[in-house]
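# Chains, contacts and geometry: an overview
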There are 2 protein chains.
Amino acid sequence: MTATTERLEQQLAFLTEADKLKSILRATSLCDGSRRENSGEHSWHIALYAMTLAEHSNRPINILRVIKMLLIHDLVEIDAGDVPVHAAYDVAAHEAKEQAAADRLFGLLPDDQRDEFREIWDEFEAAESDDAIFAKSIDRVQPVISNLETNGGTWPEFNVTAEQLESRVGVKVSRGAPAVWDILQTRIRAWFKA
Amino acid sequence: MTATTERLEQQLAFLTEADKLKSILRATSLCDGSRRENSGEHSWHIALYAMTLAEHSNRPINILRVIKMLLIHDLVEIDAGDVPVHAAYDVAAHEAKEQAAADRLFGLLPDDQRDEFREIWDEFEAAESDDAIFAKSIDRVQPVISNLETNGGTWPEFNVTAEQLESRVGVKVSRGAPAVWDILQTRIRAWFKA
Ligand SMILES: [Ca+2]
């Protein structure tokens, strides 16, 4: 087997395994309420959000790196599952599961690429770099829109208040994209008043 | 309304409309055969393919532009629907529908961004630039993998032969990523022999 063929075999194994993200269901629904969203289509949508809303970042960003982060950020859910923002869960146990998932999934790639993807994912998780802060803020925007479009979506189920949204979601969105939170906040307040 | 708020209202309207791509079903199935794939999750997957397989491009590419192309390339299906590679259809009528869809969907964005996204989409459709040739080749890879993973997938249904795959898919994949076609060709031949 040539070196190129070997790399390709590993890369295609990774990409085929990634297909499973399309079967991981999230708490939120599609905007028409027809069914729950999966993490594959969610990852596409937020990459499109990042591409469209990049100008609203309050810090300098490398949009290619941000998009790469968003394309791979949820892959660990293939092994570790999705945890809804408003659900209670064991943080340490879930983090350990995600680390093991990252080892296994990125480990399917050729070593150099495994390290590159893992570094991007670690950076996203750490939420400290400018790119990660913007990526994290964008990741929180789309579920709010989806909930607003579907009569509050999961908010009633989880007894979520406007104040909780402010502290759990608003703080994170504002950190990277304050103008986006301004407009969402207006919509959220109107929804809770209605 | 401030200029920023007005831009954001337009951008969020575009992003909310884009949600509908998750309800456009393609001919191909998920790799586990559990259900048909939708164009939203497909767009995520091929952006991940491009990010992972960029090194196999046979021409210089701007990977950010390639990924942007792949993230928006199927949006027109929201109005025009998906046409399977192996199906017969009226090319001119379908193209007119797609042009109208591009007008409407990208028209939701602020004017400067409408023009930017439309230019990227037009470039993809023209399939002439290095970035578009690579993006088009990647777009053809994932369905082959999915069909191979699901017992030939849609091939038996459309009576597809190895020769047809060579001329309809192989030529396009080889144009931008010949090493990727080499490995797929080997797998395809083995599948048709078995
Ligand atoms: Ca997420």
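Residues numbered from 1 in each chain as written. Chains lettered and ligands numbered in written order. Predicted model: local features only at pLDDT ≥ 70, side-chain atom pairs only at ≥ 80, totals over all residues. Heavy atoms only, no water.

Under an unreviewed UniProt entry, the name given to chain A is Hydrolase, and the source organism is Leucothrix arctica.

## What to know about the overall build of chain A
On a plain count of helices and strands, chain A comes out with 9 helices and 2 strands. Helices and strands in chain A line up, N terminus first, as α-β-β-α-α-α-α-α-α-α-α. The C-alpha radius of gyration computed for chain A amounts to 18 Å, which stays within 12% of the reference 16 Å derived for 194 residues, consistent with globular compactness. Seen through its principal axes, chain A has C-alpha atoms that stretch 65 × 35 × 30 Å. Classification of the 194 residues of chain A by burial places 52% in the buried group. Taking contacts inside chain A between residues at least 6 apart in sequence as the whole, the part at least 24 apart equals 68%. For chain A, the accessible area works out to roughly 8,000 Å², and carbon and sulfur atoms hold 49% of it. Taking the average place of the 21 positive charges on the side chains of chain A and the average place of its 33 negative ones, the gap between the two points comes to 4 Å. (Helix = DSSP H or I, 4+ residues; strand = E, 2+ residues; numbered from the N terminus. Rg over C-alpha atoms; globule rule 2.2 N^0.38 Å. Buried < 20%, exposed > 50% of the residue type's maximum accessible area, 1.4 Å probe, protein only. Contact = heavy atoms within 4.5 Å. Areas by Shrake-Rupley, 256 points an atom, 1.4 Å probe, with all protein chains shown as cover. Lys, Arg positive; Asp, Glu negative; His and termini not counted. Charge placed at Lys NZ, Arg CZ, Asp CG, Glu CD.)

## A few points about the UniProt feature "domain: HD" (unreviewed entry) in chain A
In this structure's numbering, the residues bearing the UniProt feature "domain: HD" (unreviewed entry) are residues 18–181 of chain A. Helix and strand shares over residues 18–181 of chain A are 62% and 5% respectively, and the end C-alpha atoms of the span are 31 Å apart. (UniProt positions renumbered as here; feature names shortened; annotations may be inferred.)

## A look at the pattern of salt bridges
Summed over the entire model, instances satisfying the criterion amount to 36 salt bridges over all chains. The closest approach of N and O atoms between Glu-9 of chain B and Arg-187 of chain A, which form a salt bridge, is 2.8 Å. Taken as a pair, Glu-9 of chain B in helix 1 (residues 3–18) and Arg-187 of chain A in helix 9 (residues 178–193) lie in two separate chains rather than in one. On the basis of relative accessible area, Glu-9 of chain B is assigned to the partly exposed category, the value being 31%. The shortest N-O distance in the salt bridge between Glu-41 of chain B and Arg-35 of chain B comes to 2.8 Å. (Salt bridge = Lys/Arg side-chain N within 4 Å of Asp/Glu carboxyl O.)

## Looking at the relation of the copies chain B and chain A
Of the transformation placing chain B onto chain A, the axial shift is 0.0 Å and the rotation is 180°, giving an RMSD of 0.0 Å. Taken together, these values place the two copies in the relation of a two-fold axis. A shared binding surface is used by both copies, with 100% of the interface residues of chain B retained as interface residues in chain A. (Least-squares fit on C-alpha atoms with pLDDT ≥ 70 in both.)

## As for the coordination of the calcium ion
For the calcium ion, the full set of protein donor atoms is His-73 of chain A (NE2), Asp-74 of chain A (OD), Asp-74 of chain A (OD), Asp-139 of chain A (OD) and Asp-139 of chain A (OD), at a range of 2.6 to 3.1 Å. Taking relative accessible area as the criterion, Asp-139 of chain A reaches 15% and is therefore assigned buried. (Donors = N, O, S within 2.8 Å, 3.2 Å for Na, K, Ca; no water.)

## With respect to the side chain of Arg-26 of chain B
Residue and element names in this part refer to chain B. Positionally, Arg-26 belongs in strand 1 (residues 25–29). Exposure remark for Arg-26: the relative accessible area of 9% places this residue in the buried category. Excluding anything up to four places from it in sequence, Arg-26 contacts Arg-36, Glu-37, Asn-38, Ser-39, His-42, Asp-74, Asp-82 and Pro-143.

## Describing the interface of chain B and chain A
Interfaces are often sized by the amount of accessible area the parts lose when they come together. Residue-level contacts link 51 residues of chain B with 51 residues of chain A. Buried surface at the junction of chain B and chain A, summed over both partners, amounts to about 4,600 Å²; 71% is from carbon and sulfur atoms. Per-residue buried area on chain B facing chain A is highest for Lys-22, Trp-44 and Met-51 of chain B; these three make up 17% of the total on that side. Across the contact surface, chain B and chain A share 6 salt bridges. Taking the shortest distance from any N to any O, the salt bridge between Glu-55 of chain A and Arg-7 of chain B comes out at 2.6 Å. Among the secondary structure elements, those contributing two or more residues to the side of chain B that touches chain A are helix 1, strand 2 (36–38), helix 2 (39–53), helix 3 (63–72), helix 6 (111–126), helix 7 (130–149) and helix 9 (178–193) of chain B. The class makeup of the residues in the side of chain B that touches chain A is 26 nonpolar, 13 polar and 12 charged. (Buried area = accessible area lost by both parts, 1.4 Å probe. Nonpolar A, V, L, I, M, F, W, Y, C, P; charged D, E, K, R; others polar.)

## Notes on helix 3 (residues 63–72) of chain A
Burial analysis of helix 3 of chain A places 9 of its 10 residues in the buried class, which makes it a mostly covered element. Along helix 3 of chain A, the residues classified as buried are Ile-63, Leu-64, Val-66, Ile-67, Lys-68, Met-69, Leu-70, Leu-71 and Ile-72 of chain A. Buried residues belonging to helix 3 of chain A abut helix 2 (39–53), helix 5 (91–106), helix 6 (111–126) and helix 7 (130–149) of chain A together with helix 2 and helix 3 of chain B. N-cap assignment for helix 3 of chain A: the residue whose side-chain oxygen lies 3.1 Å from the backbone N of Leu-64 of chain A is Asn-62 of chain A. (Polar contact = N/O pair within 3.5 Å; in protein donor to acceptor, adjacent residues only side chain to side chain.)

## With respect to the pairing of strand 1 of chain B
Residues and elements named next belong to chain B. In this sheet, strand 2 lies alongside strand 1 in antiparallel orientation, the contact comprising 2 bridges. Following the sheet pairing, Ser-29 is matched in strand 2 by Arg-36. Between strand 1 and strand 2, which pair antiparallel one after the other, the connecting turn spans 6 residues, and Gly-33 there sits at a positive phi close to 75°. (Pairing = 2+ DSSP bridges.)

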